[in-house]
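Breakdown of the fold
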Amino acid sequence: MHYPCKVSNPIKIQLPDGSVREVPAGTTPFDIANSISPRLAAAVVVARIRPLTPVAVNENESALEASEEAMYSGPASSSERIVGLSQPLHENVALELLKESDPAALRVARHSAAHIMATALLELFPETKLGHGPATDSGFFYDVYREVPFTEADLAAIEARMAEVVARDEPFVQILEPRDQALADYKSDAEFMKIHFIERFTKPGDEISLYRNGNFTDFCRGPHVPSTGRVKAFKVTSIAGAYWLGDENNQQLQRIYGTAFFNAKDLDAHFKQLEEIKARDHRVLGKQLDLFSIQEVAGAGLIFWHPKGGLIRKTMEDWMRDECIRRGYQMVFTPHIMRRELWKISGHEENYAENMYPPMELDDAEYRLKPMNCPGHILIYKNSPKSYRDLPQRYAELGNVYRYERSGTMHGLLRVRGFTQDDAHIFCTPEQIEGEVEACIDFAESVLKTFGFEKFLVELSTWDPKDKKFIGSADKWENAVGSLTRVLDRKNIPYRTIPGEAAFYGPKIDIKLVDVLGRLWQLSTVQFDWNLPARFDLEYIGEDGAPHQPVMVHRALFGSVERFFGVLIEHYAGAFPMWLAPVQVGLVPISEKHHDYAKSVQQRLEAAGLRVEADLSNQKMNAKIRDFGLQKVPFILILGDKESASDSVSVRVRAKGDEGSVPLDTFLDRAKKLVVDHSMEL
């Protein structure tokens, strides 16, 4: 084995300030940082480099960089990549030195923490066989094989030993070794998982990358932080089961999870956020607020909407239908099951069957539950001749669809088997497509802002020409991707491209909202499709009198009503804004003699369209207030002698407290305005 070494040919390094330095080839980012300032060299963690001369970029490389393959495959040649500080540089590059505040540096630290955990594991339990240990968005994990299950005490011991490894401040050193030698070493130790990774991700004759810290060596491309001492704050969090290669017929592995940060303050903040997430769990709040349930006797992934949840759902759907009609959509309804032949024509039978329920054999044919609404909308379009003057045709449906999610993958409202999709399909001419896509994005922004989300991220998902799941010719895909790109650029919307993540029939724009805790949620999508119109022989008569094929836009803005509702619950922690709250006003008469006035107030508020609940029970006033508070009702009105005599109400506002007495009409005007304005505040 040998270590990377320096050679003397000069190369050019461009720094962030635009200055260019000429240095010997083989110079490392650490050398450059140290030449600028020893203090800077002590502060930087990793480096980001970009070739100064343009290179042909394979779009798939960006996906590879973020995948598990990136830990094992050969050196990347992408236009931009993260490297360790000890990585010799052999080309002209723009160099950026990253400190602990950079998210890329944290991800590298977490991967290094996985190596530290593996070091501790083997020191304590040398019989353990290692799988892989990637960084994740929230930490890291390592898959390992050991016949004896680890206990909570073992996890505590592993964390304690990790602290010793960190205290030893062992440098992470890259070693390049011939593939055959590495395979021989791992085979002698019966490291079956490492052998698999080498054979899968490298080729005969390759020189492979290993990383060593102390006495521990792991097959890994890197990069890593300079030494174990740079991982200052970490926690081993949990353990779960996993099968080798995801196959239940293979060995049962143990997946040990952890997280890491550069300082204890960030680690503490992370666990504080986890507590906040736990407090906002829509499954817990759904039960506490009596919004929905999942009934075991009915089946996993199937949602039962309770009256209060049903009221919120109705409010959401009414708003969406009204907006669709205002924006020129026509509301349609399609059957829940359709003949299997239809799904063969659409391509779902060939490309989506694993997500569909099995066929049902009926008298005349086989039928399938619909996973999508699009074929039904296509049949409506095709039912009558269309002229270019009729286009665009915009069909919208809040349609129930059914998709087979594997057992164990369901998660409350967020991952279900039966759900309602706020689906729409726009049939238009090629010249109209960009305008329709732009209008869909505007609609999506309106949805998110109306329901209280101010931040979102956008992704453009494109195809992979090598993946056989994608249908259609290269020129069609290029045209479709170009159309979506031009819309995003015209609207000055920042986005990132995700190769290989398009729908099988066309590229798509995904809009991910950011909730109050900074979490991303995939909900809204806008998709370009020329394939289905071709498969169903759709036509319109053009201005030239000849038949032409329309193109389609698929769009869903809630994504699904269930998922969007689950996100709303967690975003608001169940404390919905006034216009969405299932009970908007709670009435608390102080004693039985105030019941008649409470009933009168309830009638007047309900006549104005408000959702009101009066507690006429024998409980004491404070108990009634507490109960309404636990149900997160926006306004509680307390009614006593003073209020009855003056036609007023004593107002208590959620999360703000008592505001004193006001005339009932004054409160009524305030409440109605909050609803009409879809206000987020009370």
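Now for a description of the structure that goes with this document. (Residues numbered from 1 in each chain as written. Predicted model: local features only at pLDDT ≥ 70, side-chain atom pairs only at ≥ 80, totals over all residues. Heavy atoms only, no water.)

A few words on the overall build of the chain. From N to C terminus, the chain includes 21 helices and 32 strands. A separation threshold of at least 6 residues defines the contact pool for the chain, and within that pool the share at least 24 residues apart is 71%. Put simply, the chain shows about 31,600 Å² of open surface, and 51% of that area lies on carbon and sulfur atoms. Averaged over its 81 positive side-chain charges, the chain has a centre that lies 3 Å from the centre of its 97 negative ones. (Helix = DSSP H or I, 4+ residues; strand = E, 2+ residues; numbered from the N terminus. Contact = heavy atoms within 4.5 Å. Areas by Shrake-Rupley, 256 points an atom, 1.4 Å probe, with all protein chains shown as cover. Lys, Arg positive; Asp, Glu negative; His and termini not counted. Charge placed at Lys NZ, Arg CZ, Asp CG, Glu CD.)

Strand order in the open sheet formed by five strands is E2-E1-E5-E3-E4, and the pairing between neighbours is mixed. The open sheet has two free edges, formed respectively by strand E2 (20-24) and strand E4 (81-84), since each of these has just one partner strand. Along the sheet, successive strands turn relative to each other by an average axial angle of 40°, direction set aside. Across the sheet, helix H1 (residues 29-36) is in contact with strand E1 (10-14), E2, strand E3 (46-51), E4 and strand E5 (93-98); its angle to E5 comes to roughly 70°. Strands E3, E4 and E5 of the sheet are contacted by helix H4 (residues 103-124), whose axis makes an angle of about 120° with E3. (Pairing = 2+ DSSP bridges. Axes fitted to C-alpha atoms, helices over the stretch in contact; angles between N-to-C directions.)

For the rest of this paragraph, the subject is the pairing of strand E19 (residues 393-402). Taken across its 10 residues, E19 has nine buried, putting it largely inside the fold. Pairing geometry for strand E15 (residues 330-331) and E19, over two bridges, is parallel. Directly across from Gln-330, in E19, lies its bridge partner Tyr-395. Of the pairings in the sheet, the one linking E19 to strand E20 (residues 418-428) comprises 10 bridges and is antiparallel in character. Residue pairing across strands places Asn-400 opposite Thr-420, the latter belonging to E20. (Buried < 20%, exposed > 50% of the residue type's maximum accessible area, 1.4 Å probe, protein only.)

The residue after Gly-222, namely Pro-223, is reached through a cis peptide bond having omega 5°. Examined against the element boundaries, Pro-223 turns out to sit in the loop between strand E10 (216-219) and strand E11 (233-243). Positive phi values are uncommon outside glycine, yet Asp-647 reaches one of about 50°. Of note, Asp-647 is situated in the loop between helix H20 (641-646) and strand E31 (648-653).

What follows covers the environment of Tyr-381. Locating Tyr-381 in the fold gives a position in helix H13 (residues 374-382). Classification of Tyr-381 as buried rests on a relative accessible area of 1%. A sequence separation of 12 residues divides Tyr-381 from Gln-393, and the C-alpha atoms of the two residues are 7.9 Å apart. With residues up to four places along the chain from it excluded, the contact list for Tyr-381 reads Lys-386, Leu-391, Gln-393, Tyr-395, Phe-427, Leu-538, Glu-539, Tyr-540 and Pro-550. At 2.9 Å, the side chain of Tyr-381 and the backbone oxygen of Glu-539 are in polar contact. (Polar contact = N/O pair within 3.5 Å; in protein donor to acceptor, adjacent residues only side chain to side chain.)

Helix-helix packing: each pair is described by the crossing angle between the helix axes and the interaxial distance. Running from amino to carboxyl end, helix H6 (residues 179-188) crosses helix H7 (residues 192-201) at an angle of 160°, the nearest separation of the two axes being 9 Å. Taken together, the axes of H6 and H7 lie roughly antiparallel to each other. In terms of crossing hand, the pair formed by H6 and H7 is left-handed. Residues Arg-179, Ala-182, Leu-183, Tyr-186 and Lys-187 of H6 form the contact with H7, whose participating residues are Lys-194, Ile-195, Ile-198 and Glu-199. Per-class residue counts for the contact of H6 with H7 are five nonpolar, no polar and four charged. (Parallel < 35°, antiparallel > 145°, perpendicular 65-115°, else oblique. Left-handed = near helix turned anticlockwise from the far one by under 90°. Nonpolar A, V, L, I, M, F, W, Y, C, P; charged D, E, K, R; others polar.)

This brings us to empty space enclosed by the protein. According to the stated counting rule, one finds three cavities of 30 Å³ or more in the structure shown. For the largest cavity, the calculated volume is near 100 Å³. Taken together, Leu-289, Leu-291, Lys-308, Gly-574, Phe-576, Ala-581, Pro-582, Val-583, Gln-631, Lys-632 and Val-633 make up the full set of residues lining the largest cavity. Split by residue class, the lining of the largest cavity holds seven nonpolar, two polar and two charged. (1 Å grid on protein atoms, 1.4 Å probe; cavity = no way out; pocket = protein on both sides within 12 Å on 5 of 7 lines; lining within 4 Å. Points joined across faces, edges and corners; volume = space filled by probe spheres on them.)

Aromatic ring pairs are described here by two measures, namely the spacing of the ring centres and the angle between the planes. Per the stated rule, a full pass over the model turns up 24 aromatic pairs. Seen in terms of ring centroids, Tyr-357 and Tyr-404 are 5.9 Å apart; in terms of plane orientation they differ by 75°. Their pairing is edge-to-face. Pair noted here: Tyr-357 is in the loop between helix H12 (348-351) and strand E17 (360-361) and Tyr-404 is in the loop between E19 and E20, with a separation of 47 residues, a long-range link. Judged by relative accessible area, which is 29%, Tyr-404 ranks as partly exposed. With centroids separated by 5.6 Å and ring planes inclined at 55°, the aromatic side chains of Tyr-395 and Phe-427 adopt a geometry described as tilted. Of the two residues, Tyr-395 is situated in strand E19 and Phe-427 in strand E20; the sequence distance between them amounts to 32 residues. Each member of the pair, Tyr-395 as well as Phe-427, carries the same accessibility label: buried. Among the aromatic residues, those joined into a cluster by ring pairs are Trp-319, Phe-451, Phe-453, Phe-558, Phe-564 and Trp-579. Lying over the aromatic face of Phe-261, Arg-110 brings its terminal NZ or CZ to 4.7 Å of the ring centre. (Phe/Tyr/Trp six-rings, centres within 6.5 Å; stacked < 30°, edge-to-face > 60°. Lys NZ or Arg CZ within 6 Å of the ring centre and 35° of its normal.)

With 12 residues, helix H17 (residues 561-572) extends 16 Å from end C-alpha to end C-alpha; this agrees with the ideal 16 Å at 1.5 Å per step. Counted residue by residue, H17 has 11 buried out of 12 residues, so it is predominantly covered. For H17, every residue scored as buried is listed here: Val-561, Glu-562, Phe-564, Phe-565, Gly-566, Val-567, Leu-568, Ile-569, Glu-570, His-571 and Tyr-572. Directly after H17, the chain includes Ala-573, whose backbone phi takes a positive value near 55°. (Expected span 1.5 Å × (residues − 1).)

Evaluation of the coordinates by the stated rule reveals 45 salt bridges. For the salt bridge of Arg-48 with Asp-102, the shortest nitrogen-to-oxygen distance reads 3.7 Å. Of the two residues, Arg-48 is situated in strand E3 and Asp-102 in the loop between E5 and H4; the sequence distance between them amounts to 54 residues. Of the two residues, Arg-48 and Asp-102, both sit in the buried class. For Asp-658, the salt bridge is made with Arg-652, and the minimal N-O distance between the two is 3.2 Å. Residues participating in the shared-partner salt-bridge network are Glu-123, Arg-161, Glu-164, Arg-168 and Glu-170. (Salt bridge = Lys/Arg side-chain N within 4 Å of Asp/Glu carboxyl O.)

With that out of the way, let us pick up the sheet that holds strand E21 (residues 455-461). On the basis of which strands lie adjacent, the open sheet formed by eight strands has the order E15-E19-E20-E27-E24-E23-E21-E22 and mixed pairing. What marks the edges here is a single partner per strand, and that holds for E15 and strand E22 (496-498). Where E21 lies against strand E23 (residues 508-514), seven bridges are found, and the strand directions are antiparallel. Of the residues in E23, the one forming a bridge with Leu-460 is Ile-509. The sheet strands contacting helix H10 (residues 307-326) are E15, E19, E20 and strand E27 (551-556), and the helix crosses E19 at an angle near 155°. The strands touched by helix H14 (residues 433-450) within the sheet are E19, E20, E21, E23, strand E24 (520-529) and E27, with E27 carrying the most contacts at an inclination of about 5°.

Now for the layout of surface pockets. A volume near 1,200 Å³ is recorded for the second largest pocket. Lining the second largest pocket are 40 residues, and of these Tyr-352, Met-372, Arg-403, Lys-508 and Gln-527 lie nearest its centre. Elements represented by at least two residues in the lining of the second largest pocket include exactly E20, E21, E22, E23, E24 and E27.

Along the chain, Gln-393 falls in strand E19. A distance of 2.8 Å separates a polar side-chain atom of Gln-393 from the backbone oxygen of Asp-390. Polar side-chain contacts of Gln-393 include one of 2.9 Å to the side chain of Tyr-395. If we ignore the near neighbours within four places in the chain, the residues touching Gln-393 are Gln-330, Tyr-381, Lys-386, His-425, Ile-426 and Phe-427.

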